[in-house]
Amino acid sequence: MIEGFRLYARLMSAQIRSQMQYKMSFIMEFASTFMGMILEFASVVVLFIHMPALDGWTLAEVAFLYGSAEFAMALSQVITSGFDVFPETVRLGKFDSILIRPRNAMFQVFASELAIRRFGRAAQGLFVLGIAIWWMDVDWGVAEWSMLAVMILGGVVFFAGLFIIGATFSFWTVEGLEAMNILTYGGSTMVAYPMSIYAEWMRNVFIFIIPLAFVNYYPSLFLLNKVDPFGLPGFMPFLSLPLCSLVLLASLVFWHFGIKRYQSTGH
Amino acid sequence: MLYLALFRKGFQRMMAYRSATLAGIATNFFFGLLRTYLFIAVFDASGQVSIGGFSLRDAITFTALTQAFGSSLGIINWWWEVGKTIESGEIITDLTKPFHYFSFWLSRDLGRMVFQVIFRGLPIMIVYPFFFELTWPTSMAQWLLFSLSLSMAMIISFCWHFWMNCLSFWFVNAKGFGRFAWLAAAFFSGFLIPLSFFPDWLKAIAMWTPLPAIINTPIEIYLGVAQGAALWEALGLQLFWVIAFTIICELTFRAGRKRLVIQGG
Amino acid sequence: MSFIKVDQLCKTFKVATHKRGFVGAIRNLASRQHSLVKAVQDISFQIKRGELVGYLGPNGAGKSTTIKMLTGILVPSSGQITVGNIIPWEQRNQHTRRIGVVFGQRTNLWWDLPVIESFDLLKYIYNVPEDRFKQNLKKFEDLLELGEFSNTPVRSLSLGQRMRADLAAALLHDPEVVFLDEPTIGLDVVAKDRIRTFIKEINQNAGVTFILTTHDLGDVQKLCRRVMMIDHGKLLFDGPLQELQDRFGQERELEVDFADDYEDVSIPGAKIIQQQGRQTTYRFSREQMSASKLIQSLAEKFQIIDLTVREPDVENTIRHIYEKKLLSHQND
């Protein structure tokens, strides 16, 4: 296990070193994504010129939702970069190179790529999140910080599960599953605002079927001492990490199923 | 004619990506839903019937139009074909061929745009009314002016992309800047929220760029927010940008080509 | 005692048949029709430790599919494979530690990293002991002359250099058997020669078993004592190279220099394959005509200055087999 982490660290540092050959390009992409995405948040700020609060959520509170959703999604995307490029890995036959190595295939996919250029978006999320934490009316004690940490972890795990599921489809189709963008990019956009603004059917889908609301909405209700508008039990915020982990678990099972198919159909 | 053939090619090329088109429509529509409910909540919280000349129904129509035509107008998708050939040096072989470079790519990209207007835009405009009530143009003239404005918006959108791509002649990492330009266009064109929602000073900054002519102008014409003199002024400004930006692109490209030839890439 | 045992190996692929058109695309989502492609049919063979086997066949014959099953990348539809008592796809971890693989078309190394760093990562992936790693590295650096480019990123290497680096990478962990898929594809003569010499050296001195697929008959001639030939998924020949040649190498060539310009130099039963000035090359088959008979008929009609009889080389033999489908006739 420890040896595995060490190997992962080695492979990642190799990734970073090889990308540092294009340092300027990395800096440019980082800076441009960071600033470009800040403009997206600026549009949220502009909306607040026309209202005092969004369904009872102040700008700082919405910034908290927005920042945490962006940060978790983008960070997850960086960590699962290998799955992001996985359709290409399969198409170019590079997955064969993985299967001839004496290591777990999924581990190797994780370690095969680290798109550090995507840090720009994560940094933007963290930046907005940081401002929100500083600005929000919350007494930050151990319980609050722990809840925040668990919430971000849950978000990363949730989106990682989705990215892996999307990538696993490339065992069947050439392109992977583009419709997955609805849940990944769409999902992080959805939870950038309070769930209470959406139609009831959308809420139900994303609370009870796909646990998107647990990525940051329920933990935020806890942190901000808000009453659950849907009247669900008070332990909901604490289900965040377990439910998000279930998504990751589902993705692992699905992956296992997909790789079997690869080995029996060939590419 | 070459350029007509290129236009058709660009259109046909898109037919190959059927599943991508279907996924794209679904994603665009889902984002439309999210944005619609956001605007409903905003109007609710503002306690006003109209913000910047937009009623709630206008705002919902705004989300429909932007989601429908955003990919066609290059706000949802970025384009780096020319930049790529400059970076790789392949452009040298293209330059030896007997066609007008700007028109070559314009024809191809217009093919893509028209495809996306029909197969990504119209489906969304057809599905939306099943969920929300939309504002529709009230006269034939308004439909025609909207079509005219949308056509000019396509050309300006292409110029914006082409011009950014041309920066690769001078800067190795133009792609990074291009990415920023693309993201900035989502904000300053009035794609994310209508420019009428902006504070005056911010709107003034946006109006100095060609970006509002890509999104804001056709939408305000469609909704009837721009009327009378304001409407003609907006169309005139669009026409100005079509001409000016085409010239700017041509000049930039020529300068880039000259630089390439002198320095040998 | 056989090291690799392959018994009645079959691999059938299900290939989806796509309906065309927009309606077709939607129907494809709902139900797919499949057709079956038999890539490998009932192949059996055994390979001893230290052998160097050439695996030949035209494109799409089933070579790669067989190699992929032997390396554990694919699972057979039926049949058995054991490599030193290990079933490749079931005990992938143990199996892959004992094998090395080189794909001629594609590198197994890290594209943007210097060669030496790729090796270093492989050391950790395979847990190669440090001293063993150094020893091997030294040996390969000498044999393959890696020194000149060991600090160059893989993407900047020439094809020949890349192949040498890939070969070294496949051998760093002391594999018992190495699979080479088209190891000399696209290389120039010098580079090919260097790689062949290296393979021979490792095979003979270290006793490593090699199985290589190739289109290059030079590889076969220089390296392989044993040849397996496959077409349409069936193993058509398995034996020494010499036997292949004796059995199928029927076409010989006769090069004749005439003393004068003759208009028609054709001889029934022999095919003119080249004509250059007064020099003409005939191809004729052992079954139809003996060399002396051909020379006799030529001498009767024309005046000859010089002539050479060329025995069939491997290339001609194999082309002959492919073109005439000789082997498949025998089996069917």
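Up top you'll find the structure we're talking about.
Summary of the structure given here.

Procedures and definitions
- Residues numbered from 1 in each chain as written.
- Chains lettered and ligands numbered in written order.
- Predicted model: local features only at pLDDT ≥ 70, side-chain atom pairs only at ≥ 80, totals over all residues.
- Heavy atoms only, no water.
- Salt bridge = Lys/Arg side-chain N within 4 Å of Asp/Glu carboxyl O.
- Helix = DSSP H or I, 4+ residues; strand = E, 2+ residues; numbered from the N terminus.
- Buried < 20%, exposed > 50% of the residue type's maximum accessible area, 1.4 Å probe, protein only.
- Pairing = 2+ DSSP bridges.
- Axes fitted to C-alpha atoms, helices over the stretch in contact; angles between N-to-C directions.
- Core = buried A, V, L, I, M, F, W, Y, C linked by side-chain atoms within 4.5 Å.
- Contact = heavy atoms within 4.5 Å.
- Expected span 1.5 Å × (residues − 1).
- Arc of directions from axis to C-beta.
- Right-handed = clockwise from strand over helix to strand, strands pointing away.
- Buried area = accessible area lost by both parts, 1.4 Å probe.
- Polar contact = N/O pair within 3.5 Å; in protein donor to acceptor, adjacent residues only side chain to side chain.
- Nonpolar A, V, L, I, M, F, W, Y, C, P; charged D, E, K, R; others polar.

What to know about the pattern of salt bridges
Right, on to step 1. Tallying each qualifying case throughout the model produces 27 salt bridges over all chains.
Right, on to step 2. The salt bridge partner of R121 of chain A is E70 of chain A, with a shortest N-O separation of 3.0 Å. Taken as a pair, R121 of chain A in helix α8 (residues 119-135) and E70 of chain A in helix α3 (residues 59-79) lie far apart in primary sequence, 51 residues in all. The two residues R121 of chain A and E70 of chain A agree in class, both being buried.
Right, on to step 3. The partner of D94 of chain B in a salt bridge is K97 of chain B, with the nearest N and O atoms 3.4 Å apart.

Some points on the sheet that holds strand β6 (residues 177-181) of chain C
By way of backbone hydrogen bonds, the strands of a sheet pair with one another, either parallel or antiparallel.
Residue and element names in this part refer to chain C.
Right, on to step 1. On the basis of which strands lie adjacent, the open sheet formed by six strands has the order β5-β6-β7-β3-β8-β9 and mixed pairing. In the strand order of this sheet, the two ends are held by β5 (99-103) and β9 (234-240), each with one partner. Across the sheet, the mean angle separating the axes of adjacent strands is 15° when strand polarity is ignored.
Right, on to step 2. Of the pairings in the sheet, the one linking strand β3 (residues 52-56) to strand β8 (residues 226-231) comprises four bridges and is parallel in character. Note on β8: the bridge partner recorded for V53 is R226.

Overview of the nonpolar core
Nonpolar side chains tend toward joint burial in soluble globular proteins.
Right, on to step 1. Within the largest apolar cluster, 152 residues are counted, with the highest numbers of intra-cluster contacts made by L54 of chain A together with F162 of chain B.
Right, on to step 2. At 13 residues, helix α7 (residues 140-166) of chain B tops the list of elements feeding residues into this core.
Right, on to step 3. Dropping the residues within four chain positions of it, F162 of chain B is found in contact with W79, V82, Y101, F102, W105, C249 and F253 of chain B.

Points about helix α1 (residues 2-15) of chain B
Residue and element names in this part refer to chain B.
Right, on to step 1. Over its 14 residues, α1 extends 20 Å from the first C-alpha to the last, a length consistent with the 20 Å expected when each residue adds 1.5 Å.
Right, on to step 2. Residues of α1 that are buried: L6, G10 and M14. The arc that holds every buried residue of α1, seen down its axis, measures 75°, which confines them to one face. For α1, exposure combined with an orientation more than 90 degrees from the buried face picks out L4 and K9.
Right, on to step 3. Buried residues in α1 make contact with α2 (18-46) and α6 (101-127).

A few points about the pairing of strand β7 (residues 209-213) of chain C
Working note: regular strand, side chains alternate between the two faces of the sheet.
Residues and elements named next belong to chain C.
Right, on to step 1. The buried fraction of β7 amounts to five of the five residues, a majority that puts the element mostly inside the structure.
Right, on to step 2. Alternating residues of β7 divide into T209, I211 and T213 and F210 and L212, and every residue in both groups is buried.
Right, on to step 3. Here four bridges tie β3 to β7, and the two strands are oriented parallel to one another. Within β7, the position partnered with G54 by the bridge is L212.
Right, on to step 4. With five bridges joining them, β6 and β7 adopt parallel strand pairing. In the sheet register, V177 faces β7, and the bridge partner there is T209.
Right, on to step 5. Handedness of the β-α-β unit built from β6, helix α7 (residues 189-206) and β7 comes out right-handed.

Let's talk about the interface of chain B and chain A
Right, on to step 1. Counting residues at the interface gives 33 residues for chain B and 38 residues for chain A.
Right, on to step 2. For the pair chain B and chain A, the two sides together bury roughly 3100 Å², of which 79% comes from carbon and sulfur.
Right, on to step 3. At the boundary of chain B and chain A, one finds one salt bridge.
Right, on to step 4. The salt bridge involving E29 of chain A is made with R179 of chain B; its shortest N-O contact spans 3.3 Å.
Right, on to step 5. Inspection of the chain B/chain A interface yields four residue pairs in polar contact (both at pLDDT 80 or more).
Right, on to step 6. Those elements that place two or more of their residues in the side of chain B that touches chain A are α2 and α8 (174-188) of chain B.
Right, on to step 7. The element that contributes the greatest number of residues to the side of chain B that touches chain A is α2 of chain B, accounting for 16 residues.
Right, on to step 8. Of the residues assigned to the side of chain B that touches chain A, the class counts are 26 nonpolar, six polar and one charged.

Here we look at the pairing of β3 of chain C
Right, on to step 1. Here β3 of chain C lies mainly inside the structure; five of its five residues are buried.
Right, on to step 2. Side chains L52, G54 and L56 of chain C project from β3 of chain C onto one buried face, and the interleaved V53 and Y55 of chain C project onto a second face that is buried too.

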